[in-house]
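Architecture and fold: a report
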Amino acid sequence: MRVFVAMVSHETNTFSTIPTDRGQFEARDLRYGGEILEAYRGTGTCLGGMLAVAAQRDLTLVPSVAASASPAGRVSKDIYQEVKDRLLDDLGQAGALDGVLLDLHGAMVPEGLEDGEGDLLAAVRSVVGPDLPVVVTLDLHANVTTTMARHATLLHGYKTYPHVDMAERGQEAATRLVDVVEGRLQPTVALRQPPLLPPLAGQLTARGPMRRLYDLATEMEKRPGVISVSIFAGFPLADIHDAGLSVYVATHADQALAGACADQLVETGWKHHHEFVHRALPVGEAVAHALATAGEGRPVVLADIADNTGGGAAGDTTEVLREVLRVGARGTTVACLWDPHAVQTCLRAGVGATVTLPVGGKIDPRHGAPVTVTGRVRTLSDGRFLHKGPMFRGLEGRLGPTVVLDVDDVKIILISHRWQTLDPEMIRFVGIDPLAERLLVVKSTIHYRAAFEPLAHAIVEVDAPGLSSSNLARFDFTRVRRPIFPLDDL
Ligand SMILES: [Zn+2]
């Protein structure tokens, strides 16, 4: 069986002023052909899962492109077109294929388009024709559109946030593709888009409304004829018509069953829609509470949920850092602050040097100004580390030139490439033992929980300014369909 495989992944925060250009993809991932297989084999990613099944089932893979960039503003026209053209060219030249496996995100907004994945899937469909199975994995944050659902044979959304099931979803997608190719499954699907725009911090799947929905979905998946159920929480900060929660049910040759399951899930979700609203503590209160809670042996994790680069925020806001310095919170690590300029200043000064410089706050003045600090350059690094997981386990992380600046025992990890603090390795690899700290400031909304909850004494969420804020009243939405909760009081 010959299967075409590609990955195109971007979560676009349309409120971000950082363009996602070619350089942003090069900094994360832009690979072609066989190199993809080498990079992703054995990793905790969708591609990793697809490759594992391909090896077990003896599929012949035709690898095309793997392109991903850190979440930020709209994907520039040039790089989107380049990746799309390459993928379509490869597809056209692939020869006889039995199926297509795509690892996509679902919230990509290229310049001049709203629905990046819909555009890509429509183009793929136009090359392969109406009958070739095209099976796709999507992030839980996908803003799923009818165009995506129409052109894909099956969509498989992550079922967890933090996303710890990416490899599993990749395996599932590849297995189902084989089932479709070999004639055991004839997918019929239903998509529903209730008027719900859940903020990121209200989307965790360990408890709350998403847990309730996934418990019901798990029960449904046991019913005869149900292939899979995906509840997409959606990505609220891509301000497009179709942003928000969606329900996608795939059944075997039973359209009515798919529709009935989808309707039941929507009804259940809507019954509890007020539970999606999330509240965190203001900065001063959060830092005071974290310090009052801090003990010996295990750190308190202070989650700067609004400055999550994984949600398209800059990763350089300073309000929490400013407060931590103001109260003199020794034994603190701030992981991480994106400031390539400050990194260069520290590199020039060298290890052991004392420097005075402004850090952070350089991208977006609405979310806080730089903080001028005087500190000692503690360590320098090339920023390469290996994710230990659960997320991205085995995948290399590239933070670019990285510096630890020690300001009266507040250790600021300054990085050159934006990346969410989702793995304690991002602290360990620069020589800091996270367990020896009293306070860890992490810039992440939910993903940090997968690896930091087990080592944290307590977790405190901060409502600081930032482009991944779960306080949606901070944003000026213009494109998303209205009315929609919680922007409108439904
Ligand atoms: Zn996601």
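Now for a description of the structure that goes with this document. The model shown is predicted, which means the values in this text are computed figures rather than measured ones.

**So, the overall build of the chain**
- Along the chain, the regular secondary structure elements total 14 helices and 19 strands.
- The C-alpha atoms of the chain give a radius of gyration of 22 Å, which matches the 23 Å a tight globule of 490 residues would have.
- Out of the 490 residues belonging to the chain, those deemed buried represent 63%.
- If you take every contact in the chain between residues at least 6 apart in sequence, the share linking residues at least 24 apart comes to 75%.
- When the accessible surface of the chain is totalled, it reaches about 17,400 Å², and 49% of it is carbon and sulfur.
- On the chain, the mean spot of the 47 positive side-chain charges and the mean spot of the 59 negative ones are 2 Å from each other.

**Some points on helix H8 (residues 208-221)**
- For H8, with 14 residues, the first-to-last C-alpha span of 20 Å sits near the 20 Å given by 1.5 Å per residue.
- Taken residue by residue, H8 has Pro209, Met210, Leu213, Tyr214, Leu216, Ala217 and Met220 as its buried positions. Along H8, the residues classed as buried sweep out an arc of 160° about the axis, all on the same side.
- On its buried side, H8 packs onto strand E6 (154-157), strand E8 (226-232) and helix H9 (255-271).

**A short note on the coordination of the zinc ion**
- Distances from the zinc ion to its protein donors, namely Asp139 (OD), Asp139 (OD), His141 (ND1) and His163 (NE2), fall within the range 2.0 to 2.7 Å.
- Around the zinc ion, the 4 donor atoms are arranged such that angles at the metal cover 53 to 142°; this shape is classified as irregular.
- Donor residues for the zinc ion, ordered by position in the chain, follow D-x1-H-x21-H. Here His141 is found in the loop between strand E5 (134-138) and helix H6 (146-151), whereas its partner His163 is found in the loop between E6 and helix H7 (166-181), with 22 residues between them in sequence.

**Section: the sheet that holds strand E17 (residues 410-415)**
- Pairing is mixed in the open sheet, where 8 strands are placed in the order E12-E13-E16-E17-E11-E18-E10-E19. The outermost strands of the open sheet, each flanked by one partner alone, are strand E12 (354-359) and strand E19 (458-462). On average, each strand axis in the sheet is tilted by 30° relative to the strand beside it, whichever way the strands run.
- Note that strand E16 (residues 402-407) and E17 share 5 bridges and pair antiparallel. Note that in E17 the partner of Val403 across the bridge is Leu414.

**Description of the state of the cysteines**
- Within the structure shown, the criterion is met by 0 disulfides.
- Here Cys336 stays free of any disulfide, with the sulfur of Cys346 as its closest cysteine sulfur at 14 Å.
- Cys346 gets classed as buried once you look at its relative accessible area, which sits at 0%.

**Some points on the pattern of salt bridges**
- The final tally for this structure, using the stated rule, is 35 salt bridges.
- Here Glu168 and Arg169 are joined by a salt bridge, their closest N and O atoms 3.6 Å apart.
- Residue Glu168 is classed as partly exposed on the basis of its relative accessible area of 46%.
- Note on Arg169: relative accessible area 6%, which makes it buried.
- Between Glu425 and Lys388 there is a salt bridge, with the nearest N and O atoms lying 3.7 Å from each other. Here Glu425 is found in helix H13 (residues 425-428), whereas its partner Lys388 is found in the loop between strand E14 (384-386) and strand E15 (396-398), with 37 residues between them in sequence.

**Topic: the packing of helix H3 (residues 46-56) against H7**
- Across the interface, H3 lies against H7 with an axial gap of 6 Å and an inter-helix angle of 45°. For the element pair H3 / H7, the angle class is oblique. Judged by the sense of rotation from one axis to the other, the crossing of H3 with H7 is right-handed. Between H3 and H7, the residues in contact are Cys46, Gly49, Met50 and Val53 and Met166, Ala167, Gly170, Gln171, Ala173, Ala174 and Thr175, respectively.
- Each residue belonging to the contact of H3 with H7 can be placed in one class, and the counts come to 7 nonpolar, 4 polar and no charged.

**Brief notes about helix H11 (residues 319-326)**
- Turning to H11, its buried residues number three or more, namely Val320, Leu321, Glu323 and Val324. All buried residues of H11 project into a common sector of 165° when viewed along the axis, lining one side.

**Things to note about the packing of aromatic side chains**
- By the definition in use, this model includes 5 aromatic pairs.
- Measuring from ring centre to ring centre gives 5.2 Å for Phe15 and Phe477, while their planes differ by 80°; the resulting arrangement is edge-to-face. In this pair, Phe15 sits in the loop between strand E1 (2-9) and helix H1 (22-28) while Phe477 sits in the segment after E19, placing the two residues 462 residues apart along the sequence. Note on accessibility: Phe15 and Phe477 belong to one class, buried.
- Among the aromatic side chains, those forming a connected cluster through ring pairs are Phe15, Phe475 and Phe477.
- One residue, Arg418, lies across the ring of Trp338, its end atom 5.7 Å from the ring centre.

**Let's talk about the sheet that holds strand E4 (residues 99-104)**
- The 6 strands lie next to each other as E2-E3-E1-E4-E5-E6, forming an open sheet whose pairing is mixed. Across the chains shown, the open sheet's two edge strands, defined by having one partner strand only, are strand E2 (29-32) and E6. With strand direction ignored, the average angle separating the axes of adjacent strands in the sheet is 15°.
- Where E1 meets E4, 6 bridges bridge the pair, whose relative direction is parallel. Across the sheet, the residue bridging to Val3 is Gly99, located in E4.
- Sitting on the sheet, helix H5 (residues 116-128) touches E1, E4 and E5, and the angle it makes with E4 is about 170°.

**A short note on a nonpolar patch on the surface**
- Among the surface-exposed residues, Leu347, Val351 and Leu380 lie close enough to one another that they form a single nonpolar patch of about 220 Å² accessible area.
- The class of Leu380 is partly exposed, set by a relative accessible area of 35%.

Cut-offs and rules
Position numbers for residues count from 1 along each chain, tracking the sequence in the order it is written. It should be noted that, the model being predicted, local features are given only for residues of pLDDT at least 70 and side-chain atom pairs only at 80 or more, the latter also being counted only at that level, while totals for whole chains, interfaces and linings use all residues. The basis for every side-chain value is the complete set of heavy atoms in the structure, and neither hydrogens nor water enter the calculation. Strands here mean DSSP runs of E at least two residues long; helices mean DSSP runs of H or I at least four residues long; both are numbered from the N terminus. Here the globule rule reads 2.2 Å times residues to the power 0.38, and the radius of gyration is calculated from C-alpha atoms. Only protein chains enter the accessibility calculation, which uses a 1.4 Å probe; a residue whose area is less than 20% of its type maximum is buried, one above 50% is exposed, and one in between is partly exposed. Residue contacts follow a heavy-atom distance rule, with two residues in contact if any of their heavy atoms lie within 4.5 Å. Throughout, the Shrake-Rupley method with a 1.4 Å probe supplies accessible areas, and for residues the shown protein chains are the sole cover considered. As used throughout, the charge tally considers Lys and Arg to be positive and Asp and Glu to be negative, leaving His and the chain termini uncounted. To locate a charge, the coordinates of NZ of Lys, CZ of Arg, CG of Asp or CD of Glu are taken. Helix span, as expected, comes to 1.5 Å for every residue beyond the first. It is the directions from the helix axis to the C-beta atoms that the arc portrays. Distances decide who is a donor: an N, O or S atom must be within 2.8 Å of the metal, or within 3.2 Å for Na, K and Ca. Water is not included, so sites may look incomplete. Site shape is set this way: if four donors have all angles between 85 and 135 degrees, tetrahedral; if opposite donors are over 155 degrees apart and all others between 65 and 115, square planar for four donors and octahedral for six; otherwise irregular. Any two strands with at least two DSSP-identified bridges between them are counted as paired. For helices, the axis comes from a line fit to the C-alpha atoms of the stretch in contact; other axes are also lines fit to C-alpha atoms, and the angle between any two N-to-C directions lies between 0 and 180 degrees. Only a pair of cysteine sulfur atoms within 2.5 Å qualifies as a disulfide here. Salt bridge, as used here, is a side-chain nitrogen of Lys or Arg placed within 4 Å of a carboxyl oxygen of Asp or Glu. Should an angle lie under 35 degrees it is considered roughly parallel, over 145 roughly antiparallel, and from 65 to 115 roughly perpendicular; all remaining angles are considered oblique. When the near helix sits turned anticlockwise from the far one by under a right angle, the crossing is termed left-handed; a clockwise turn instead gives a right-handed crossing. All amino acids are sorted into three groups, where Ala, Val, Leu, Ile, Met, Phe, Trp, Tyr, Cys and Pro are nonpolar, Asp, Glu, Lys and Arg are charged, and the leftover types, Gly among them, are polar. Geometry of aromatic contacts follows a simple scheme: Phe, Tyr and Trp rings, the Trp one being its six-membered ring, pair when their centres are within 6.5 Å, and the pair is stacked under 30 degrees between planes, edge-to-face over 60, tilted otherwise. Geometrically, a charge over a ring is one whose NZ (Lys) or CZ (Arg) sits within 6 Å of the ring centre while staying within 35 degrees of the ring normal. Residues with no salt bridge and a relative accessible area higher than 30% make up the patches, which join like charges within 9 Å and nonpolar side chains (Val, Leu, Ile, Met, Phe, Trp, Tyr) within 5 Å.

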